[in-house]
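Spelled out, the chains give:
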Amino acid sequence: MDKFVIRGGNPLSGVIRVSGAKNSALPCMAAALLTEDEVTLENIPKVRDIETERRLLQSMGAEVALREGEAQDQTTISCRRLSDPVARYEIVKTMRASSLVLGPLIARMGVARVAMPGGCAIGGRPIDLHIKALEKMGAAIAQEHGYLEARVGTGTGNGAGRLHGAHLVFDRITVTGTEDLLMAAVLAEGETLMENCAREPEVVDLAALLTAMGAKIEGAGTATMRVEGVTSLHGARYRINPDRIEAGTFLIAGAITGGDLTVADCNPAHLGAVIAKLREAGVQVDALGEDAVRVHAAGRLVAADISTEEYPGFPTDMQAQYMALATQAEGVSLVRENIFENRFMHVQELVRMGANIKVEGSMATVRGPTRLSAAAVMCSDLRASASLVLGALVAEGESIIDRVYHMDRGYEHFEEKLLGVGAQIQRMGNVFAPREAETVAG
Ligand code: EPU
């Protein structure tokens, strides 16, 4: 398994560029299942989860063509000959977002067989809300042998059954649940009213693609969405928005190393809660136009509390990275995790580097500043990995970060990007390590 070797202590400076959002690209690729025409997506990040989704679509009969253009990477997906509406366990077991094909498959084919995603390092990750809402729209869903078997009407696989519109109220806010149901509703008969929806920019991205494909959607980006179902959708070309979590991770990399870093090709409007918190912690953050943010050291870091919330609150996907920063801030920072029940896996590893962090239930108390010293540490999930890299960037000496395959699931060319702004980071590969040993999280 690959490792990173990082020598800490270099302030990062220069310009670092953000890739397309993994969590937008995943539902947008699934949306291609809804039409016989070609869907072309630009700015798709080259990360492991996207590769897995490509294999998943291909296993169902989709044709997926990748083209690396001068300025933008393109993926064209054709689901004209969708032969096999099955998401096999062998493919989906390393990716949580497999449930995103459930809604579109039922909507297009009237039938779907999708392997249940297992638990993962950050929490149980149930999909009961997806199932409950799809049932309300007329799907019959049973669970057998680790698979969800779904059908609507006679469900012959030729679109014989059609979902009907419904009034859906999500019991709690779910990002992929909102996306899954949105994809189901666009081809359903009649109107679907969705309440307590996720307002994440990734939902807005998906809704914009679906609208370009001919869907009728109102209210994306708000808690209430109204969808008027249509009988078919057509192809479209769509550019995926920048990854706000990658951007936020780089902002913290600049801040924690006391550097002067410009994070380019991002959308500052999607980073409101993160930027506000960094400023509260004493970091100088300036928006540079509409697509860049500069972060630079402005004296000592000071403690500031965070509490993770659904968008537009402070993202759970930035909690681990923020905690690394909090170890360098003067005073006590309280970090409350409200979205996932077990998202503190990075804590023990940061403690091994010298951090002073105590966890009680969903609250972590970070006392700083502490001098971090290099150590051998282990990644447990995607964002925890990022937090360990951030800690290593300021630690004294050479850290070894193991299991960076977690990082590769969601960060494109991570070490190359950091190298380009002055980090001392090197990947050490072990080509003989079996991928089977990998576990899933994120
Ligand atoms: N939940 C349920 N039942 C459901 C669905 C969700 O109880 O049917 C619970 C979850 O267990 C969790 C909460 O609701 O406690 C919120 O989960 P949500 O469904 O919003 O999470 P998700 O859609 O599975 C996406 C991102 C995650 C991100 C979360 C929260 C994708 C592919 N994944 O997951 O991204 O943390 O939203 O913002 O979009 C990551 O990129 O590292 C990552 C984990």
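Scroll up a little and you will see the structure.
This report concerns the structure included in the present document.

### A few points about the site of the ligand
Right, so step 1: In the vicinity of the ligand there are 23 residues, among which Asp128, Thr174, Thr176, Asp317 and Ile339 approach most closely.
Right, so step 2: Residue Arg125 places a side-chain N or O atom 3.2 Å away from an oxygen atom belonging to the ligand.
Right, so step 3: Arg343 places a polar side-chain atom, nitrogen or oxygen, 3.4 Å from an oxygen atom of the ligand.
Right, so step 4: For the ligand, whose accessible area on its own is 830 Å², the fraction buried by protein is 91%.
Right, so step 5: Looking at the shell around the ligand, the elements that each hand over two or more residues are α1 (22–31), α5 (128–136), α6 (175–185) and α12 (382–394).
Right, so step 6: Take the shell around the ligand: its biggest share by element is three residues, from α5.
Right, so step 7: Considering only residue class, the shell around the ligand consists of ten nonpolar, six polar and seven charged.
Right, so step 8: Mapped onto the domain boundaries, the shell around the ligand takes at least three residues apiece from domain 1 (3–19 + 242–428) and domain 2 (22–239).

### Side note on the nonpolar core
Right, so step 1: Formed by 81 residues in total, the largest nonpolar core has its most connected members in Leu34, Leu41 and Leu210.
Right, so step 2: For this core, the leading source of residues is α1, giving six residues.
Right, so step 3: Leave out the neighbours within four places in its chain, and Leu210 touches Ala31, Leu34, Leu182, Met183, Val186, Ala215 and Ile217.
Right, so step 4: Of all hydrophobic cores here, the second largest spans 66 residues; its members include Leu251, Ala304, Ala324 and Tyr411.

So, how was this worked out
Residues numbered from 1 in each chain as written. Predicted model: local features only at pLDDT ≥ 70, side-chain atom pairs only at ≥ 80, totals over all residues. Heavy atoms only, no water. Near = heavy atom within 4 Å. Polar contact = N/O pair within 3.5 Å; in protein donor to acceptor, adjacent residues only side chain to side chain. Areas by Shrake-Rupley, 256 points an atom, 1.4 Å probe, with all protein chains shown as cover. Helix = DSSP H or I, 4+ residues; strand = E, 2+ residues; numbered from the N terminus. Nonpolar A, V, L, I, M, F, W, Y, C, P; charged D, E, K, R; others polar. Domains from an automatic or database assignment. Core = buried A, V, L, I, M, F, W, Y, C linked by side-chain atoms within 4.5 Å. Buried < 20%, exposed > 50% of the residue type's maximum accessible area, 1.4 Å probe, protein only. Contact = heavy atoms within 4.5 Å.

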